Amino acid sequence: MELQVTTMVQKKYAAPLPLDGLSFRIAILSPGSLDDNLHMTLEVRSLEDSDLDYEAISYCWSQGIGDTIEDTWDFEVKCDEGTINVPRNLGRALRRLRYRDRQRRLWMDSICIDQQNVEEKNCQVARMGRIFATATRVVVWLGEQDENTASAYGTIRILAKAGSILAEQDEATIRHGLLTKQVCEVAGLWRVTRKEIQVMADLLQRAWFERAWVYQESVLARETVVKTGSFEIAGSTIASMVDCRNQHGLSYIASKPENLPALDRAYNMFLPLKERPKFGSDFWHGLFSVLRARRGAKTSDPRDVIYSLLAAAAGEKTSLIIPDYNRSWQHLYIWVAKRIIEETHFLDILGELTAVPTSFIGASHSLPSWVPDWRLPLDGELKFNIVLNIEAGPESRLFWSTGLSEVSLIESEDLSPTKLKLHGIHVDCVESTQPSGDLAEWTEFNQFLTQKIYWPTKEPMPLARIKMLSLDESRWDLDRPNYVPNGAVYCVNDYEKYLSGEKEEIDLRIMSEMTRIRRKVLLTSRGFFGVAPQSAEIGDQLYLLPGAQFPILLRRYPQEEVEYEFIGECHIHGLMNGQGMTKDGQRVDAPCDIISVNEALFLRVHGEEVHPVLEEVVIG
């Protein structure tokens, strides 16, 4: 669905729709052959009518095989109200969908909504999810067919069939067969070629999959059929195909880096929300999950990145956000970010801020530093917590730097909506950061490594070093001399072997990868080390913010005494599993304190002897 129109011819409707939240128009498409002119009539119905029988069309302006994302409304449709123009790609779809011998009842946004009537548009957008969920089925139009369409549809069907066959077989037999055969051959079917797999992946990368509105249009549908030219296939068959690949693997699919994300995205598009855990259980958790899954989706209006997901977040309940196209997109993004923090009680949303691909860095200067720009795509490699599926939430965390604490927001009447004011614990200050050259040139780091023990964890320094680099926060067992770090970055097979000669080579490999994904090592003035965003600088302040799963780097704004800029999440070795919080891991009054005993600095878990006070932190 697209709502922002720049070159649309004014449509004259018989009357505006009642703003009752139930009334909507259905287009009745007259029969005809493929090349005949299009003719339709419009009928006003209620979503509560018991005899509704219509199909909804999910499409985008470009068909995705050479067309650009265009806003050209130059395809003529004859209607009772006169001749109207529709997007070119919709015109192609209507010609393909038209029956030869009978009418077809359809719903499509560009005709059934008066998009120049803001009040009507606001009301209809709020009911989009219900319109698609009420339709007998949703027709997904990917565009016209090309020379590879038949092959792509055939490959999807055979892989889905292979998955169905293997679901009835013994797992051990399947695993043995996959050692020498492709999944289709194990199922007793013919082998699919590299070219067939690639043209299938290409089909799943057409423009429709990138658009914002199509997500809720497909996942809320009773049934979906995916149409490309004259070819049709059930959306459930595409989901079964991807499920087969996820269960049993698929040769050649990773030959291009964009192929696997395309399959995962298609699975999310055609797996009905009702089949997913926690469907519709909590609106704000749901909205955050789908925003993460669909950020960067294309739309001509940045407000629609959020508005297009409201029905999916709400499930069968009523959305807690009412679309308002009189509100600026910046105000909407700020308000939604604040509500997600307030309602989920966590600061997981901060993890979205440093996961923007390199080419988009600096693209958004219109938002506060703590508010994600959902217009920009996600690069999963840049996230410490890489669980990105739609069910992900606080329970999927890899780390718990502030235990089970919840965010502690501070409300005040004089606080600007662009500011985030909350309680936090100041831990330390960045003293040194990894230079762009070799680690051997980093004098402060090499001097730090001469210490025998890393004081925050009391581990031998070489062990602490490799655990820090591999993001490993598991407890060290003195009875395991051949300890194998098992962190998020797998890199060492044998700790003893690492100590005996592989250390520099492994470290160099890790640091090279770290540079690629825009991270670097830092040292703090009190003796912590860890991994931080590449933008970290000397003088940045390290905080523990209740409700955050990572320590947070903040940078004081010039000429500001209390206001900070959010820099990013950090992995600080020894501070990732709630060591700085109360012993019981509950809501914090005074999470931690760093004190001096015999001139040795160390982190002390909050207890009877120490009663520090939470600071008020303002992030702009």
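Note that this is a predicted model, so its numbers are computed, not measured.

### Section: the overall build of the protein chain
Then, in step 1: Broken down by element type, the protein chain carries 18 helices and 21 strands.
Then, in step 2: Residue burial in the protein chain is summarised as follows: out of 620 residues, 54% are buried.
Then, in step 3: Looking at the protein chain alone, contacts between residues at least 24 apart form 70% of all its contacts between residues at least 6 apart.
Then, in step 4: With the model as given, the accessible surface of the protein chain reaches about 27100 Å², and the carbon-plus-sulfur share is 48%.

### With respect to the side chain of Ser-58
Then, in step 1: Residue placement: Ser-58 occurs in strand 3 (residues 55-58).
Then, in step 2: Within the structure, the side chain of Ser-58 is placed 2.9 Å from the side chain of Trp-208, a separation counted as a polar contact.
Then, in step 3: Filtering out sequence-adjacent residues up to four positions away, Ser-58 remains in contact with Phe-132, Val-138, Val-139, Val-140, Trp-141, Trp-208, Val-214 and Glu-217.

### Topic: unusual backbone geometry
Then, in step 1: A positive phi angle, close to 70 degrees, is found at His-345, a residue other than glycine.
Then, in step 2: Within the element layout of this structure, His-345 appears in the loop between helix 15 (329-344) and strand 10 (420-433).
Then, in step 3: The phi torsion at Lys-458 lies on the positive side, around 60 degrees, for a residue other than glycine.
Then, in step 4: Residue placement: Lys-458 occurs in the loop between strand 11 (453-454) and strand 12 (459-460).
Then, in step 5: Lys-458 gets classed as exposed once you look at its relative accessible area, which sits at 61%.

### Observations regarding the confidence of the model for the protein chain
It should be kept in mind that the predicted coordinates are not to be read in detail where pLDDT is low.
Then, in step 1: Residues with a pLDDT of 70 or more make up 79% of the protein chain, whose mean pLDDT is 81.
Then, in step 2: In this model residues 1-10 is a low-confidence stretch, pLDDT under 50, and it forms 37 contacts with partners more than four residues away in sequence or in other chains.
Then, in step 3: Low pLDDT, under 50, characterises residues 582-612; the stretch is placed with 63 contacts to residues that sit more than four places away or in other chains.

### Section: the state of the cysteines
Working definition of a disulfide: a covalent bond connecting the sulfur atoms of two cysteines.
Then, in step 1: Enumeration according to the criterion identifies zero disulfides in this entry.
Then, in step 2: For Cys-244, which is in no disulfide, the shortest distance to another cysteine sulfur is to Cys-184 and amounts to 6.6 Å.

### Looking at the packing of helix 12 (residues 283-294) against helix 15
Then, in step 1: Packing of helix 12 against helix 15 leaves a shortest axis separation of 9 Å and a crossing angle of 125 degrees. One finds that helix 12 runs oblique with respect to helix 15. Helix 15 is crossed by helix 12, and the crossing has left-handed handedness. On the side of helix 12, the interface is formed by Trp-284, His-285, Leu-287, Phe-288 and Leu-291, while helix 15 contributes Trp-335, Val-336, Arg-339, Ile-340, Glu-343 and Thr-344.
Then, in step 2: Partitioning the contact of helix 12 with helix 15 into residue classes produces seven nonpolar, two polar and two charged.

### A look at the environment of Trp-374
Then, in step 1: For Trp-374, the position within the fold is in the loop between helix 15 and strand 10.
Then, in step 2: Classification of Trp-374 by relative accessible area gives buried; the value is 0%.

### Re helix 10 (residues 235-248)
Structural remark: α-helix, 3.6 residues per turn; residues separated by three or four positions point the same way.
Then, in step 1: Taking 1.5 Å of rise per residue, 14 residues should cover 20 Å, and helix 10 covers 20 Å from first to last C-alpha, within 8% of that figure.
Then, in step 2: Taken together, the buried positions of helix 10 are occupied by Gly-235, Ile-238, Ala-239, Met-241, Val-242, Cys-244 and His-248.
Then, in step 3: Following helix 10 by one or two positions, Gly-249 adopts a phi angle in the positive range, close to 80 degrees.

Cut-offs and rules
- Residues numbered from 1 in each chain as written.
- Predicted model: local features only at pLDDT ≥ 70, side-chain atom pairs only at ≥ 80, totals over all residues.
- Heavy atoms only, no water.
- Helix = DSSP H or I, 4+ residues; strand = E, 2+ residues; numbered from the N terminus.
- Buried < 20%, exposed > 50% of the residue type's maximum accessible area, 1.4 Å probe, protein only.
- Contact = heavy atoms within 4.5 Å.
- Areas by Shrake-Rupley, 256 points an atom, 1.4 Å probe, with all protein chains shown as cover.
- Polar contact = N/O pair within 3.5 Å; in protein donor to acceptor, adjacent residues only side chain to side chain.
- pLDDT = per-residue confidence, 0-100.
- Disulfide = S-S within 2.5 Å.
- Axes fitted to C-alpha atoms, helices over the stretch in contact; angles between N-to-C directions.
- Parallel < 35°, antiparallel > 145°, perpendicular 65-115°, else oblique.
- Left-handed = near helix turned anticlockwise from the far one by under 90°.
- Nonpolar A, V, L, I, M, F, W, Y, C, P; charged D, E, K, R; others polar.
- Expected span 1.5 Å × (residues − 1).

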